[in-house]
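Next come the chains, spelled out residue by residue.
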Amino acid sequence: MIFSEFIFNSTKKTMEIVVSGIRPTGNLHLGNYFGALKNFISMQNEHDCYFFIADYHSLTTHPTPHDLHGNVKQVLVEYLAAGLDPEKATLYIQSDVPETAELYLFLNMNAYIGELERCTSFKDKIRQQPQNVNAGLLTYPTLMAADIIIHKATKVPVGKDQEQHLEMTRQFANRFNRLYNVDYFPEPQAYNFGKSLVRIPGLLGSGKMGKSEGEGNAIFLADEPAAIRKKVMRAVTDSGPTIPNQEKPETIQNLFQLMSVVSSKDAVNHFNDLYNNCQIRYGDMKKQLAEDMIRFTTPFRERIKELLSDEAYISKVARMGKEKARASAAKTIQEVREIIGFKSF
Ligand code: ATP
Ligand code: MG
């Protein structure tokens, strides 16, 4: 089709396009860092990256205006403190790019209730907030698809919990292409440098570390050392192994997994040997884990504190990102409108 060829030629880029975002529902934790942010930072040099703060998405839990604004600022500061560079990557706030909402509307016309209801995250949310099962929760996957395909991204660095949403994004993108007989949206893939996607467990037994998983479950990059010690010491364990080389229950595996991301290999091996010999004392392991987490998070905490007071710089970064993200999104929306058949008179 001549029209789609024209679009492809005119949007040709040399670098692969990368998109990902984090909801401003609280401070960023080790799960966000190892599942997403760490890869954002590695990818910003070699790719055309768009990293956003998903404030539309956070409206499903009805934040107050004050909390919403404060959390958006906090996540932007944490992006910068972790090492994202606004000169290399486009860092923007989702609601600064209303074209995303328009694409979300178009995609919703072609997304089916059945497939949205079957989505695991929707089922989880129904359980978590039965008093507030709103349409935004149901259509979370179409908004996420809009976020990604508005920039025609091919790589999406995310944690394991987002795998199913990425599958749905591909579904919606392909469906659009088929419906209008165009080869317009590329297929985005969840990305972790060829390795399987990361899932950092929480401290309270089962489940992943999460911003909205309750007090004590997550270690935040901004946490003070005392808070980290307290949370780690309260982490769920059991009464200990009784036979050598016993299989580890989930809560203990979780502690080892957390240790594997912040501690040295020697420390992990040391406690693993003790576990296998039935000599482990979880208190000692937790002390080591807490100190290693403090060592890991301290540089982040310090930079977060410095940046939080630099209002002028934060506004400058947000304005810069808005301009770049809108230029990319506006181009897509204009082309999508034409494909759909919205033409100016
Ligand atoms: P919320 O509880 O509000 O959903 P969250 O902690 O799940 O917050 P999101 O904003 O939903 O964070 O996700 C941001 C990114 O962090 C996504 O790429 C997601 O896959 C990743 N992520 C979140 N939690 C973890 C985790 N425990 N392990 C690995 N990656 C994670
Ligand atoms: Mg989440």
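Given the structure is predicted, the values throughout are model-derived calculations rather than measurements. (Residues numbered from 1 in each chain as written. Chains lettered and ligands numbered in written order. Predicted model: local features only at pLDDT ≥ 70, side-chain atom pairs only at ≥ 80, totals over all residues. Heavy atoms only, no water.)

*Asks:* What is the right way to look at the nonpolar core in this model?
*Replies:* Note that soluble globular proteins tend to have their nonpolar side chains buried in a common cluster. Formed by 59 residues in total, the largest nonpolar core has its most connected members in Leu 37, Phe 51, Tyr 79 and Met 293. Element by element, the count of residues in this core is highest for helix 14 (residues 282–308), at nine residues. Setting aside chain neighbours within four positions, we find Met 293 in contact with Leu 30, Ile 219, Ile 228, Val 232, Leu 258 and Val 262. Leu 138, Met 144, Ala 153 and Phe 176 belong to the second-largest nonpolar core, a separate cluster that totals 39 residues. (Core = buried A, V, L, I, M, F, W, Y, C linked by side-chain atoms within 4.5 Å. Buried < 20%, exposed > 50% of the residue type's maximum accessible area, 1.4 Å probe, protein only. Helix = DSSP H or I, 4+ residues; strand = E, 2+ residues; numbered from the N terminus. Contact = heavy atoms within 4.5 Å.)

*Asks:* What is the right way to look at the site of ligand 1 in this model?
*Replies:* Near ligand 1 there are 21 residues, and of these Thr 25, His 29, Lys 208, Lys 211 and Ser 212 occur at the shortest range. Take His 29: an N or O atom from its side chain is 2.6 Å from an oxygen atom of ligand 1. Ile 200 places a main-chain nitrogen or oxygen 2.8 Å from a nitrogen atom of ligand 1. Sorting the residues of the shell around ligand 1 by element identifies strand 1 (17–22) and helix 2 (30–43) as the ones contributing at least two each. (Near = heavy atom within 4 Å. Polar contact = N/O pair within 3.5 Å; in protein donor to acceptor, adjacent residues only side chain to side chain.)

*Asks:* What exactly am I supposed to notice about the side chain of Asn 217 here?
*Replies:* Inspection of the secondary structure puts Asn 217 in the loop between strand 5 (189–190) and helix 11 (225–233). Residue Asn 217 is classed as buried on the basis of its relative accessible area, which comes to 3%. Looking at Asn 217, its side chain comes within polar contact range of the main-chain oxygen of Lys 208, at 3.3 Å. Not counting residues up to four positions away in its chain, the partners in contact with Asn 217 are Gly 202, Leu 203, Leu 204, Lys 208, Met 209 and Gly 210.

*Asks:* Which parts of the structure should I look at to understand unusual backbone geometry?
*Replies:* As a rule of thumb, non-glycine residues mostly have phi less than zero, and peptide bonds are mostly trans rather than cis. Not every positive phi belongs to a glycine, and His 62 is a case in point at roughly 55°. With respect to the helices and strands, His 62 occurs in the loop between helix 3 (55–58) and helix 4 (65–82). A relative accessible area of 55% places His 62 in the exposed class. Its identity as a non-glycine residue notwithstanding, Phe 193 has a phi of 50°, on the positive side. With respect to the secondary-structure elements, Phe 193 resides in the loop between strand 5 and helix 11.

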